[in-house]
Structures are given as C-alpha cells and as structure tokens.
Amino acid sequence: MIQRIQTVYLAVVIILLTIVTLGSELFSFVNETTRFTFSSYGILKYDLVSGKLIGQQTFPFYLGTIALILLSFITLMSYKNVKRQFKLGRSVFGIYFLMLLTIIILSYFGDKLLDEETASRELGLGFLLFVVGFPFTFLANTGIKRDKKLLDSFCLLYTSDAADEEDS
C-alpha cells in the first residue's frame, strides 16, 4: 500500500485538510473599525481598536472538510479494490472542487453577504492549504488510474496466455 504514489498524495490531502479543519483562518475582511475572519467554524467579528471579539456567526464548513477527510481516508484504504478506489477518488476530486469553488466565491463576495464595506481582503493560511491540497487529489487520481490500467493489462495478458495454452 505505501509503495503506491497515490497513498502519499492522499495522505498529504488528509494532513492539509486536517490543518484547515482545526480552525486556521481561510480569509478575512477588514474595514476601518472591524475585522471579519472566516474559518472552518464560522465568521468572527473583532473590534480593531480593542481587539475584542464582538460577534460570532457559525458556519458549518468544518462538516464538509471532515467528510472530505473521511472520504479521502476510505479512498486510501480501498487499495485492494482498485475500481472502488477509482470511483471514490473521482468523488473526492469532485467534492473538493465544489468546496474550493465555494471558498473562492465566499472570499470574493463574502463582504456583501455581511452587509459591510471592506477596505481590504486578506487570504489566510487555511485558504492557501486548501488550494494547495486540490492538485494532490488530481495526482492521486492519476496514480489510481495508472494502477487500474496496469492491473487491467495483467488480467488481459493472463487471460490471453491461458487461452493460448488451451489451444495448444
């Protein structure tokens, strides 16, 4: 299992998503008096003068990241059934893409959802880690596809050798 490259790629995805789930900041909006930070647990509103927490809105983004971590782990552990691993890998890629698209849209239009005019947008470490993890899902799917082709060629080779022996 460990000698396959998709194992390394999926492990990297799991580690990066775990760091994002633990509450690292995805992005923030700053205006003259307040700062809004968006993490996987929700939106926190801070006063810039005193630095105190003013308000909090929960946003269950962490449920999606936990589900993606679990699905990646199941994909990783399905190494004995390559067809199932390939299907799960494609679903991890699709769900990850939808979540990444959601984060990008929220980072761009999030201040309008808060009804606040912002002076600046700042991307956090969580955003960077979430974006960096996406190509690893693609690379894992490429490795799974390569293994699937290799196993299919072995099966084809074995069945043709068995048919040649029966003909002789």
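The structure this text deals with has already been given above.
Being a predicted model, the structure only gives us computed values, none of them experimental. (Residues numbered from 1 in each chain as written. Predicted model: local features only at pLDDT ≥ 70, side-chain atom pairs only at ≥ 80, totals over all residues. Heavy atoms only, no water.)

> Just checking my understanding: could you explain the packing of helix α2 (residues 61-77) against helix α3 (residues 82-113) for this structure?
Geometry of a packed helix pair, given as the angle between the helix axes and the separation of the axes. Between α2 and α3, the shortest axis-to-axis distance is 9 Å and the interhelical angle comes to 160°. Considered as vectors, α2 and α3 are oriented roughly antiparallel to each other. Like other packed secondary-structure pairs, α2 and α3 cross with a definite hand, here left-handed. Counted together, Phe61, Gly64, Thr65, Leu68, Leu71, Ser72, Ile74, Thr75 and Leu76 of α2 and Gln85, Leu88, Gly89, Ser91, Val92, Ile95, Tyr96, Met99 and Ile103 of α3 form the full contact between these two elements. Among the residues forming the contact of α2 with α3, the class breakdown is eleven nonpolar, seven polar and no charged. (Axes fitted to C-alpha atoms, helices over the stretch in contact; angles between N-to-C directions. Helix = DSSP H or I, 4+ residues; strand = E, 2+ residues; numbered from the N terminus. Parallel < 35°, antiparallel > 145°, perpendicular 65-115°, else oblique. Left-handed = near helix turned anticlockwise from the far one by under 90°. Contact = heavy atoms within 4.5 Å. Nonpolar A, V, L, I, M, F, W, Y, C, P; charged D, E, K, R; others polar.)

> How do you make sense of the pattern of salt bridges when you look at a structure like this?
If the charged atoms of two oppositely charged side chains come close together, the side chains can form a pair. Considering all chains together, one arrives at two salt bridges under this definition. Here arginine 35 makes a salt bridge to glutamate 122, at a shortest N to O gap of 2.8 Å. Linking arginine 35 in strand β2 (residues 34-39) with glutamate 122 in strand β5 (residues 120-123), this pair joins segments that are 87 residues apart in sequence. Since its relative accessible area comes to 21%, arginine 35 is described here as partly exposed. Counted as one network, the salt bridges with shared partners bring together Glu25, Arg35 and Glu122. (Salt bridge = Lys/Arg side-chain N within 4 Å of Asp/Glu carboxyl O. Buried < 20%, exposed > 50% of the residue type's maximum accessible area, 1.4 Å probe, protein only.)

> Teacher, can you tell me more about the pairing of strand β1 (residues 27-30) here?
If a strand is regular, its side chains alternate between the two faces of the sheet. Covered by surrounding structure in β1 are Phe27 and Phe29 together with Ser28 and Val30, the residues of both alternating faces. Direction of pairing for β1 relative to β2: antiparallel, over a ladder of four bridges. Residue pairing in the sheet places valine 30 in a bridge with arginine 35 of β2. Hairpin connection from β1 to β2: three residues lie between these consecutive antiparallel strands. (Pairing = 2+ DSSP bridges.)

> When you look at the side chain of threonine 65 in this model, what are you seeing that I'm missing?
For threonine 65, the location among the structural elements is in helix α2. Exposure remark for threonine 65: the relative accessible area of 0% places this residue in the buried category. Polar contacts involving the side chain of threonine 65 include one to the side chain of threonine 21, which spans 2.8 Å. With residues near it in sequence (within four places) discarded, threonine 65 still touches Val20, Thr21, Met99 and Phe130. (Polar contact = N/O pair within 3.5 Å; in protein donor to acceptor, adjacent residues only side chain to side chain.)

> I would appreciate a short explanation of a nonpolar patch on the surface in the present structure.
A cluster of nonpolar side chains, contributed by Phe97, Leu98, Leu101, Ile105, Tyr108 and Phe109, occupies part of the molecular surface with about 600 Å² of accessible area. Assignment of secondary structure puts leucine 98 in helix α3. Note on leucine 98: relative accessible area 52%, which makes it exposed. (Patch = residues over 30% accessible without salt bridge, like charges linked within 9 Å, V, L, I, M, F, W, Y side chains within 5 Å. Areas by Shrake-Rupley, 256 points an atom, 1.4 Å probe, with all protein chains shown as cover.)

> Could you clarify how one ought to interpret the side chain of aspartate 147 in this entry?
Structurally, the position occupied by aspartate 147 is in helix α4 (residues 125-167). Classification of aspartate 147 by relative accessible area gives buried; the value is 18%. Excluding its chain neighbours within four sequence positions, the residues that come into contact with aspartate 147 are Arg4, Gln6 and Val82.

> Help me understand the nonpolar core, please; the structure alone is not making it clear to me.
Generally speaking, nonpolar side chains in soluble globular proteins are found buried as a group. Core analysis: the biggest nonpolar cluster contains 30 residues, and Leu17, Leu26, Phe27, Tyr96, Ile103 and Phe130 have the highest contact counts within it. Of all the elements in the fold, those that place two or more residues in this core are α1 (5-21), β1, β2, α2, α3 and α4. Ignoring anything within four residues of it in the chain, the contact list for leucine 17 reads Leu68, Ile69, Tyr96 and Phe130. (Core = buried A, V, L, I, M, F, W, Y, C linked by side-chain atoms within 4.5 Å.)

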